[in-house]
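The lines below spell out each chain.
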Amino acid sequence: MAEQSVTMAPGTGGRRTEWLAPLARRAEGVVLPVAALIAGFALFALFLLMLGKSPVDFYELVYKAGFGTAFSWQNTLSRAAPLLFAALCVALPARLGLVVIGGEGAIVLGGTATGALGVCLAGTPGVVGLPLMALGGALTGALWIGAVGALRHYRGVNETIASLLMAYIGIALMNFLVEGPLRDPASLNKPSTAPLPRSLQVGDIPGMDVHWGLIVALVCCVLTWVLIERTSWGFAARIAGGNVRAAQVQGLPVGRLIVGFTALGGAFAGLAGFYEVAAVQGSANASLAAGYGYTGILIAFLARQNPLAIIPVAILLAGFEASSGLVQRRMDLPDATILVLKAVVFVVILVSDTLYGRFRLFSPERWRTR
Amino acid sequence: MSTDIGAWAVPVAILGGAIRVSTPFLFVSLGEVLTERSGRINLGLEGTLVFGAMSGYAVAYLSGSAWLGVLAAALAGTLFGLLHGLICSLPKVNDIAVGISLMLLGTGLAFFFGTAFVQPVAPHLPSIPLGWWSDIPQLQAALRVNVLFLIGIVLALLLAWMLKTTRVGLILRVVGDSTDAARAMGLRPNLIRIAATATGGAFAGVGGAYLSLFYPGSWSEGISSGQGLMAVALVIFARWDPIKAFWAALLFGGAGALGPALQSVGIAKGYYLYYAAPYVLTLGVLIATSSPNRATTGAPGELSITK
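About the thresholds
Residues numbered from 1 in each chain as written. Chains lettered and ligands numbered in written order. Predicted model: local features only at pLDDT ≥ 70, side-chain atom pairs only at ≥ 80, totals over all residues. Helix = DSSP H or I, 4+ residues; strand = E, 2+ residues; numbered from the N terminus. Buried ≥ 20, exposed ≤ 12 C-beta atoms within 10 Å, placed from the backbone. Contact = placed C-beta atoms within 7 Å. pLDDT = per-residue confidence, 0-100. Expected span 1.5 Å × (residues − 1). Domains from an automatic or database assignment. Nonpolar A, V, L, I, M, F, W, Y, C, P; charged D, E, K, R; others polar. Core = buried A, V, L, I, M, F, W, Y, C linked by C-beta atoms within 7 Å. Axes fitted to C-alpha atoms, helices over the stretch in contact; angles between N-to-C directions. Parallel < 35°, antiparallel > 145°, perpendicular 65-115°, else oblique. Left-handed = near helix turned anticlockwise from the far one by under 90°.

Asks: Could you give an account of the overall build of chain B, with specific residues and numbers?
Replies: Helix and strand counts for chain B come out as 13 helices and 2 strands. Counting only C-alpha atoms and orienting by the principal axes, one finds that chain B spans roughly 65 × 45 × 35 Å. Residues counted as buried form 55% of the 307 residues belonging to chain B. The contacts of chain B with a sequence gap of at least 6 include a subset with a gap of at least 24, amounting to 77%.

Asks: Quick one: what's the story with the confidence of the model for chain B, residue by residue and with numbers?
Replies: All names here are of chain B. Mean pLDDT over chain B: 89, with 94% of residues reaching 70 or higher. Least confident of the elements in chain B is helix α12 (residues 271-275), whose mean pLDDT is 77; most confident is helix α3 (residues 66-88), at 97. Model confidence for the complex: the whole-complex pTM is 0.91, and ipTM, which rates the interface, is 0.92.

Asks: Now, about unusual backbone geometry: what can you tell me, with residues and values included?
Replies: All names here are of chain B. Here the residue pair Tyr-215 and Pro-216 is connected by a cis peptide bond, since its omega of 5° sits within 30 degrees of zero. Along the chain, Pro-216 falls in the loop between α9 (189-213) and α10 (227-237). Even without being glycine, Lys-92 reaches a positive phi, approximately 70°. Secondary-structure assignment places Lys-92 in the loop between α3 and α4 (95-114).

Asks: A description of helix α11 (residues 254-281) of chain A should follow, citing residues and the corresponding values.
Replies: Residues and elements named next belong to chain A. Taking 1.5 Å of rise per residue, 28 residues should cover 40 Å, and α11 covers 39 Å from first to last C-alpha, within 8% of that figure. In terms of burial, α11 is a largely internal element, 24 of the 28 residues being buried. Trailing α11 by a residue or two, Gly-282 shows a phi angle of about 85°, which is positive.

Asks: Now, about the domain arrangement of chain A: what can you tell me, with residues and values included?
Replies: Interfaces are often sized by the accessible area lost when the parts come together. Residues and elements named next belong to chain A. The domain architecture assigned to chain A consists of domain 1 (16-53 + 333-370) and domain 2 (72-331). If you average the C-alpha positions of domain 1 and of domain 2, the two centres end up 27 Å apart. Between domain 1 and domain 2, the residue contacts involve 13 residues of the former and 11 residues of the latter. Broken down by secondary-structure element, the contributors of at least two residues to the side of domain 1 that touches domain 2 are α2 (21-50) and α14 (337-352). The element that contributes the greatest number of residues to the side of domain 1 that touches domain 2 is α14, accounting for 7 residues. Its residues placed into classes, the side of domain 1 that touches domain 2 shows 8 nonpolar, 2 polar and 3 charged.

Asks: Give me the environment of Ala-231 of chain B: which residues, what numbers.
Replies: All names here are of chain B. Mapped onto the elements, Ala-231 comes out in helix α10. In sequence terms Ala-231 and Gly-256 are 25 residues apart; their C-alpha atoms lie 12 Å from each other. Dropping the residues within four chain positions of it, Ala-231 is found in contact with Phe-25, Val-28, Ser-29, Glu-32 and Leu-45.

Asks: Outline the environment of Asp-135 of chain B, listing residues and values.
Replies: Residues and elements named next belong to chain B. Structurally, the position occupied by Asp-135 is in the loop between β1 (127-129) and α5 (137-142). Accessibility expressed as a C-beta count within 10 Å gives 9 for Asp-135, which makes it exposed. The spatial distance from the C-alpha of Asp-135 to the C-alpha of Ala-245 is 32 Å, given a sequence separation of 110 residues.

Asks: Go over the nonpolar core with me, naming the residues and quoting the values.
Replies: Nonpolar side chains in soluble globular proteins tend to end up buried together. The biggest cluster of nonpolar side chains holds 226 residues, and the ones touching the most others in it are Leu-84, Phe-85, Ala-87, Ile-310 and Ala-314 of chain A together with Leu-234 of chain B. Summarising the domain contributions, this core has at least three residues from each of domain 1 (16-53 + 333-370) and domain 2 (72-331) of chain A. Excluding anything up to four places from it in sequence, Phe-85 of chain A contacts Ala-217, Cys-220, Phe-268, Ala-269, Leu-271 and Ala-272 of chain A.

Asks: Explain the packing of helix α5 (residues 103-120) of chain A against α11 of chain A residue by residue, including any values.
Replies: Residue and element names in this part refer to chain A. Two numbers describe how α5 lies on α11: the axes approach to 7 Å, and their chain directions differ by 50°. As far as their axial angle goes, α11 and α5 are oblique. Every pair of crossing elements has a handedness; the one defined by α5 and α11 is right-handed. Residues Gly-103, Ala-106, Ile-107, Val-108, Leu-109, Gly-110, Gly-111, Thr-114 and Gly-115 of α5 touch α11, and the partners they reach there are Gly-266, Ala-269, Gly-270, Leu-271, Ala-272, Gly-273, Phe-274, Glu-276, Val-277 and Ala-278. Tallied by class, the residues present in the contact of α5 with α11 amount to 10 nonpolar, 8 polar and 1 charged.

Asks: Summarise the confidence of the model for chain A; cite the residues concerned and give the values.
Replies: On average, residues of chain A score 91 in pLDDT, and 95% of them reach the 70 mark or higher. Residue range residues 1-9 of chain A is modelled with pLDDT below 50. Its contacts to residues more than four positions away, or to other chains, number 9 contacts.

Asks: Please provide a residue-by-residue account of the interface of chain A and chain B, values included.
Replies: Between chain A and chain B, the contact holds 39 residues from the first and 41 residues from the second. Elements that contribute at least two residues to the side of chain A that touches chain B include exactly α6 (126-155), α7 (159-179), α12 (292-302) and α14 of chain A. Of all the elements, α7 of chain A adds the most residues to the side of chain A that touches chain B, at 13 residues. Classifying every residue of the side of chain A that touches chain B by side-chain character gives 28 nonpolar, 7 polar and 4 charged.

Asks: Could you give an account of the environment of Ala-172 of chain A, naming the residues involved and the relevant values?
Replies: Considering the arrangement of structural elements, one finds Ala-172 of chain A in helix α7. Among the residues examined, Ala-172 of chain A registers 22 C-beta atoms within 10 Å and is labelled buried. The spacing of Ala-172 of chain A and Gly-105 of chain A is 67 residues in sequence and 9.5 Å in space, taken between C-alpha atoms. Every residue in contact with Ala-172 of chain A, bar those within four places of it in the chain, is listed here: Tyr-272, Leu-273, Tyr-275 and Ala-276 of chain B.

Set out below in structure tokens:
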């Protein structure tokens, strides 16, 4: 097939559909995930039908609560910020072929570090204190997930299992710190660190009820896209992800790439924790372990590990999370309903991996010759 | 607390805890040994464990028989294993990612259908008092061994025998070590892997039923905190050997019992850190037993996790 396309010199036997050729492969990367998403929704609709609930009502409620009004959009968008960060924590290591699923630990510890620093920095102006707190949160996350990358490269420890174990350890560590050394004696029924002073809290984007974390997360997604698609670092990472031996023969610093990419992913997850504490909760407590890290895994896989595609997918999933409460109350469904929906979509997306390259419609050659 | 056995209380409590806590580890890791020996990895057994716990509890409550619950959990586990096996047989599908998604699905479905069973009380599985020879109540309590633990030991021995000496074991090992060699022998690797994954799922389901029907003995959403996942890591530590998996399960059970054991003698300070002990132990064991050049001894050749 490749030979055919070479013999087609431009201009000689060019077909009118030739301009579609470069688009075909890209279209595959959009059409298949969207089709899989719809298939996942359809499968979940079947599940609801079997339980005697109306799927139409369900999706209508989800739409209303997630995207129906300006208020619901603000609710959705403020939930999207941590999800964007969490998905980046999966997508960056994925570039190197690593499946890191422990972003939850980095989020929780990043938030705890933020809360602890906030106590130490009380009294400093926001311009000084906030960047230091953000740095502390990001560094904590970077250390946590970077350690997973280092263990993978230098000790051969499976990164998927190690990262999830470290998530459990991170949550236990947070519980210990928040209930012990860092506990604010005034927090009685919900152990927390001392509340952050007003000056050390992140405000809202002007005119919206959404904190600045959303803008920062969006910028991080774009920058990550530039890093992995347009820089030699990203290119080197892709080679190392495809074939470690080949990358080492080429003299690429595989170890530094793995540790660097996992640490950067961890830093983003740490930032998610920072914004959860400094913009939403006002102190570090057990609410940090809200499952954003796990939803981030689904988002990254749905977006096929592309940082730009993460943006719409994260907003969609944030809308689902935002609708959870209303769906429960109106339709008398358990609170795990959205979790089941997410899992069904996740399974279908992974099954759809088998369809890539199966359709001639998406083959560039089909549009050049015939 | 009728007899004072002093400092011995902690090791006795850990021994009893190890026996109680290790059973789910044992079942999940035996299932995973079987699955991984065929060349597949199933990371989703955590979800199977939780769903097994819920379905086992639900059926035991509705039918009044704990053993019917165990059967239901095994059946549910088989279905999850079958699903995992079928999906992973498709070309170009990432078996690690599929495991993660099925972990979510198992947990999600268990929580979804489990809300109705948080309150009711289901019958428990019977246990055998193996501590009758001692008159120390703590030791008697520690040696009150559940039947499933004993079944687990028998299963471990059977599995080891099967892998080593039987035709089925040989087929499983060939498929796990080389897909090409298996094909050359006229075997159908995908079919055998699906069967191994389904059986492994059944084991994990039974492990879940133990959680809800014996210890801790009730269904709640927090019933498993990563035991299924730790059991998968434990298989690497046990070098894919059922007998070693049994000892590893006991060790992990002991680590899990450390927190409650210390609490029982009044050491409550920082007990959240003791709850992290099993995870830290698992991670430490993984670090100690992994090797950067990937040639892990005893690993099935087709296993994606060690390739």
